[in-house]
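One letter stands for each residue in the lines below.
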Amino acid sequence: MEPDLIAGPDLIELDGVEKVFDVRKKTGFLRREKHEVRAVDGISFTVPRGEMVGYIGPNGAGKSTTIKMLTGILTPSGGRLRVAGIDPSRERTRLARRIGVVFGQRTTLWWDLPLIDSYRLMHRMYRIPDARYKENLDRCVELLELAELLDVPVRQLSLGQRMRGDIAAALLHDPEVLYLDEPTIGLDVISKAKVRGFLRDLNAESGTTVLLTTHDLTDIEQLCKRVMVIDHGRLMYDGPLAGLHEAGESERTLVVDLERELPPLEVESARVVKVEGPRQWLAFPAAESAAPLVARVAERYPMVDLSVREPDIEAVIAKMYADKSTS
Ligand SMILES: Nc1ncnc2c1ncn2[C@@H]1O[C@H](COP(=O)(O)OP(=O)(O)O)[C@@H](O)[C@H]1O
Ligand SMILES: [Mg+2]
């Protein structure tokens, strides 16, 4: 039997997948040079059914290209790729019934139509059974708080509202896999929280497998036990988020507002990295809880306010490379 036909526990399978773009660059008047961009350079991983995985990396790392191959929009230049046992680029239409995709930077909704009309069109396009469509729509409308927005043309929605509308659109046909490419980009804090809460429940209750690309480490922290880091088209890390912090030995920052200007605070297991009037920035190991540190500062100094800053992904990755090249 052809191994491709056996549906294993892994819903997503990549084995040495590559994508090379031929780019022509203008190098002078009427002169163009051809060169290759290896956007994805031999990536292998599997995602078991029901998992929610973070796929992170700096700009241009190859994240969107990977997702486009996983949907069948782009054909790999090499390697082997299967989603639910299907070769995406060869059977894109068949796969479309089983996957949902949201691109944060682009909407799949019809710009001039009220939101509900886009959903009605998808109902017909995907030939979703009536009862199933109604059930899924009702659930999305409730959980994504879309009731008041259904009759509003998409162009009039805020970014956060549109994103929620797009997520609903991706779920009307009950996909087994949901790809999200930067679903929280540009959203305000409240919209981000809504989107995260919804995704967490979706994964927990419906068992939908989720592959999530993001710039926001908080997305990953709140949603994904497993994270993959990609850079220059290669997989640099695949494991738990805590391990990534360790790999990067990254630090978080406690920002404290004091009652008055003071010399740099002296606190165990933290160091002052910046002072600006009564405000001081203290770096501490990312793997440690902030609570004991806050207690130590509060015990000794007149603190009026505080906040904790997470390391951003770029910083974590930069540190990971720095450590790698010196070791
Ligand atoms: N259609 C394309 N033609 C040529 N180069 C592309 C194309 N799409 C992406 N690239 C290049 O491939 C690399 C990876 O891009 P992308 O997957 O969009 O990265 P990311 O989503 O991680 O920011 C980048 O160098 C980008 O410029
Ligand atoms: Mg991208």
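What you see is a predicted model; the values in this text were computed from it and never measured.

Student: Honestly, helix H5 (residues 159-171) in this entry has me stumped. Any pointers?
Tutor: For an α-helix the count is 3.6 residues per turn, leaving residues at separations of three or four pointing the same way. With 13 residues, H5 ought to run about 18 Å at 1.5 Å a step, and its terminal C-alpha atoms sit 19 Å apart, in line with that. Taken across its 13 residues, H5 has 11 buried, putting it largely inside the fold. Of the residues making up H5, those classed as buried are Gly160, Arg162, Met163, Arg164, Gly165, Asp166, Ile167, Ala168, Ala169, Ala170 and Leu171. Taken together, the buried residues of H5 touch strand S5 (99-103), helix H3 (115-125), helix H4 (130-143), strand S6 (177-181) and helix H6 (189-206).

Student: Can you help me understand the site of ligand 1 in this one?
Tutor: Neighbouring ligand 1 are the residues Phe21, Val23, Val37, Ala39, Pro58, Asn59, Gly60, Ala61, Gly62, Lys63, Ser64 and Thr65. One nitrogen or oxygen atom from the main chain of Ala61 is found 3.1 Å from an oxygen atom belonging to ligand 1. Taking Ser64, its side chain carries an N or O atom lying 2.9 Å from an oxygen atom of ligand 1. Looking at the shell around ligand 1, the elements with two or more residues in it are strand S1 (10-28), strand S2 (31-48) and helix H1 (63-71). No other element matches the three residues that H1 contributes to the shell around ligand 1. For the shell around ligand 1, a count of residues per class yields six nonpolar, five polar and one charged.

Student: How do you make sense of the pattern of salt bridges when you look at a structure like this?
Tutor: Pairing is possible between side chains of opposite charge, provided their charged atoms come close. This structure, assessed with the given rule, holds 20 salt bridges. For Arg279, the salt bridge goes to Asp257, with nearest N and O atoms at 2.7 Å. In this pair, Arg279 sits in strand S12 (residues 279-285) while Asp257 sits in strand S10 (residues 251-258), placing the two residues 22 residues apart along the sequence. Exposure remark for Asp257: the relative accessible area of 18% places this residue in the buried category.

Student: Looking at this structure, how should I read the environment of Arg226?
Tutor: If you trace the backbone, Arg226 turns up in strand S8 (residues 226-231). Judged by its relative accessible area of 14%, Arg226 is buried. Put simply, Arg226 and Val47 are 179 residues apart on the chain and 10.0 Å apart in space, counted from C-alpha to C-alpha. Apart from residues no more than four positions distant in its own chain, Arg226 is found in contact with Phe45, Thr46, Val47, Pro48, Glu51, Met52, Val53, Gly54, Asp238 and Gly239. For Arg226, the side chain forms a polar contact with the main-chain oxygen of Thr46, separated by 2.9 Å. Side-chain polar atoms of Arg226 contact the side chain of Asp238, separated by 2.8 Å.

Student: Hey, could you run me through the state of the cysteines in this one?
Tutor: Tallied over the full model, the rule gives zero disulfides. Its sulfur unpaired, Cys140 is 19 Å from the next cysteine sulfur, which belongs to Cys224. For Cys140, a relative accessible area of 2% gives the class buried.

Student: Which parts of the structure should I look at to understand the packing of H3 against H4?
Tutor: Think of two packed helices as two axes; the pair is described by the angle between the axes and how far apart they sit. The contact between H3 and H4 brings their axes to 11 Å, and the two run at 150°. Remark: the crossing between H3 and H4 carries right-handed chirality. Contact residues: H3 offers Ile116, Tyr119, Arg120 and His123, while H4 offers Asp130, Tyr133 and Leu137. Split by residue class, the contact of H3 with H4 holds four nonpolar, one polar and two charged.

What counts and what doesn't
- In this convention, every chain numbers its residues from 1, walking through the sequence in written order.
- The order in which chains are written sets their letters, starting at A; the order in which ligands are written sets their numbers, starting at 1.
- The model is predicted, so local features are restricted to residues of pLDDT at least 70 and side-chain atom pairs to those at 80 or more, both for listing and for counting; the totals for chains, interfaces and linings are taken over all residues.
- For the side-chain quantities, the full set of heavy atoms in the structure was used; hydrogens and water were omitted.
- Counting from the N terminus, the helices are the DSSP runs of H or I reaching at least four residues and the strands are the DSSP runs of E reaching at least two.
- Take the number of residues in a helix, subtract one, and multiply by 1.5 Å to get its expected span.
- Type-normalised accessible area, obtained with a 1.4 Å probe on protein chains alone, sets the label of each residue: buried when under 20%, exposed when over 50%, and partly exposed for intermediate values.
- Here, two residues are considered to be in contact whenever any of their heavy atoms come within 4.5 Å of each other.
- One heavy atom within 4 Å of a molecule or strand is enough for the residue carrying it to be called near that molecule or strand.
- Distance and chemistry together define a polar contact, namely a pair of N or O atoms within 3.5 Å, with one atom able to donate a hydrogen and the other to accept it when in protein, and with adjacent residues in sequence counting only for side-chain atoms on both sides.
- Nonpolar residues are Ala, Val, Leu, Ile, Met, Phe, Trp, Tyr, Cys and Pro. Charged residues are Asp, Glu, Lys and Arg, and all others, Gly as well, are polar.
- Within this document, salt bridges are pairs made up of a side-chain nitrogen of Lys or Arg and a carboxyl oxygen of Asp or Glu, the two lying within 4 Å of each other.
- In this description, the term disulfide denotes a pair of cysteine sulfurs within 2.5 Å.
- Axes here mean lines fitted to C-alpha atoms, for a helix over just the part in contact, with angles spanning 0 to 180 degrees between N-to-C directions.
- In this scheme the handedness of a crossing depends on how the near helix is turned from the far one: anticlockwise by less than a right angle means left-handed, clockwise means right-handed.

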